[in-house]
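Examination of the molecular architecture
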Amino acid sequence: MCAKTIETKDITYEGLLQGNADWIQDMIQADPDYFDKLSAGQHPPVLWIGCSDSRVPANQITNTMPGDIFVHRNIANVVVHTDMNLLSVLDYSVNVLKVKHIIVCGHYGCGGVNAALGNKQVGIIDNWLRHIRDVYRVHQLEMETMKDPEKRSNRMVELNAIESAANVVNTSIVQNAWANGQELSVHAWVYSLRTGKITDMKVSSHGINDVHPAFKVSL
Ligand SMILES: [Zn+2]
């Protein structure tokens, strides 16, 4: 049932379409009604907010299937309150799909986080990565005690995931859901490209009492 392994360098435009045809065949072979069932609707219990990095695909690394996870990805899994794209995904997944878990998943070795830690101009993306520099500023004391570049990068990845999860908690969307008695938890995870392992940052929020007073909205 598993698609054949192909080297990235071998991927072609035509190859993608052939891969699709192969995959359809595999899925139908395993379950002739697979696409009928899948097209009937979606009830994913999880919203995933992850990095666009090609090596961190939500379904593969959690051993889940199409229909299991609603996904939003951007460079360095940043959550900001002015991002209409993210807010629309969050609103739809919480208020229509009624997901039970929102997971912000960063990953060690994140190019976006590393770029934010440096001073080199990259381009328009610098404006996006500025949000990560804001996270650095909040945690400056801790970050300045770390001299090893890899350790600094790894910790920044963790802090960025934790702060992004906090930003999810601080939205009126999540707080209104809790006020309405909806079961909803927000988590921060970090994925290791080297081992494939996900580490739970253990900062999960489950209700209004987990919201910092400065961000509590009047309900
Ligand atoms: Zn990344």
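It should be noted that the structure appears before, not after, this text.
1. Details of the coordination of the zinc ion
In this structure, Cys51 (SG), His107 (NE2) and Cys110 (SG) serve as the protein donors to the zinc ion, at separations of 2.1 to 2.3 Å. Counting the intervening residues between successive donors of the zinc ion yields the motif C-x55-H-x2-C. For Cys110, a relative accessible area of 1% corresponds to the buried category.

2. As for the packing of aromatic side chains
Using the criterion set out here, one finds four aromatic pairs in the structure. When the ring of Trp23 is compared with that of Phe35, the centres are 5.4 Å apart and the planes differ by 80°; the resulting orientation is edge-to-face. Of this pair, Trp23 sits in helix H1 (residues 13-30) while Phe35 sits in helix H2 (residues 34-39), placing them twelve residues apart in sequence. Classification of Trp23 as partly exposed rests on a relative accessible area of 30%. With relative accessibility at 27%, the residue Phe35 sits in the partly exposed group. Grouping aromatic residues by their ring pairs yields a cluster made of Trp23, Tyr34 and Phe35.

3. Quick notes on the pattern of salt bridges
For the coordinates displayed, the defined rule picks out six salt bridges. Where Arg155 meets Glu142, a salt bridge forms, and the shortest distance between an N and an O atom there is 2.5 Å. A residue pair is termed long-range when its members are at least 10 positions apart, and Arg155 in helix H8 (residues 149-169) and Glu142 in helix H7 (residues 140-144) qualify at 13 residues. According to the relative accessible area criterion, Arg155 is partly exposed, its value standing at 21%. Given a relative accessible area of 30%, Glu142 falls into the partly exposed group. Close ionic contact of Glu158 with Arg155 constitutes a salt bridge, the shortest N to O distance being 2.8 Å. Linking Glu158 with Arg155, this pair stays in helix H8, spanning three residues, or about one helical turn. The buried category is assigned to Glu158, whose relative accessible area is 15%. Among the charged side chains, a network of salt bridges with common partners joins Glu142, Arg155 and Glu158.

Here is what the cut-offs are and how they apply
- Within any chain, residue numbers begin from 1 and follow the written order of that chain's sequence.
- In view of the model being predicted, local features appear only for residues whose pLDDT reaches at least 70, and side-chain atom pairs are presented and counted only at 80 or more, with totals across whole chains, interfaces and linings using the full set of residues.
- Working from all heavy atoms in the structure, the side-chain values ignore hydrogens and water.
- Counted as donors are N, O and S atoms no farther than 2.8 Å from the metal, or 3.2 Å for Na, K and Ca; water is not among the atoms, and sites may therefore look incomplete.
- Each residue is assigned to one of three classes by its accessible area relative to the maximum for its type, calculated with a 1.4 Å probe on protein chains only: buried under 20%, partly exposed between the two thresholds, exposed over 50%.
- Any two rings among Phe, Tyr and Trp, with Trp reduced to its six-membered ring, count as a pair given centres within 6.5 Å; such a pair is stacked if its planes are under 30 degrees apart, edge-to-face if over 60, and tilted if neither.
- Numbered from the N terminus, helices here are DSSP runs of H or I no shorter than four residues, and strands are runs of E no shorter than two.
- Between Lys or Arg on one side and Asp or Glu on the other, a salt bridge is scored when a side-chain nitrogen of the former is within 4 Å of a carboxyl oxygen of the latter.

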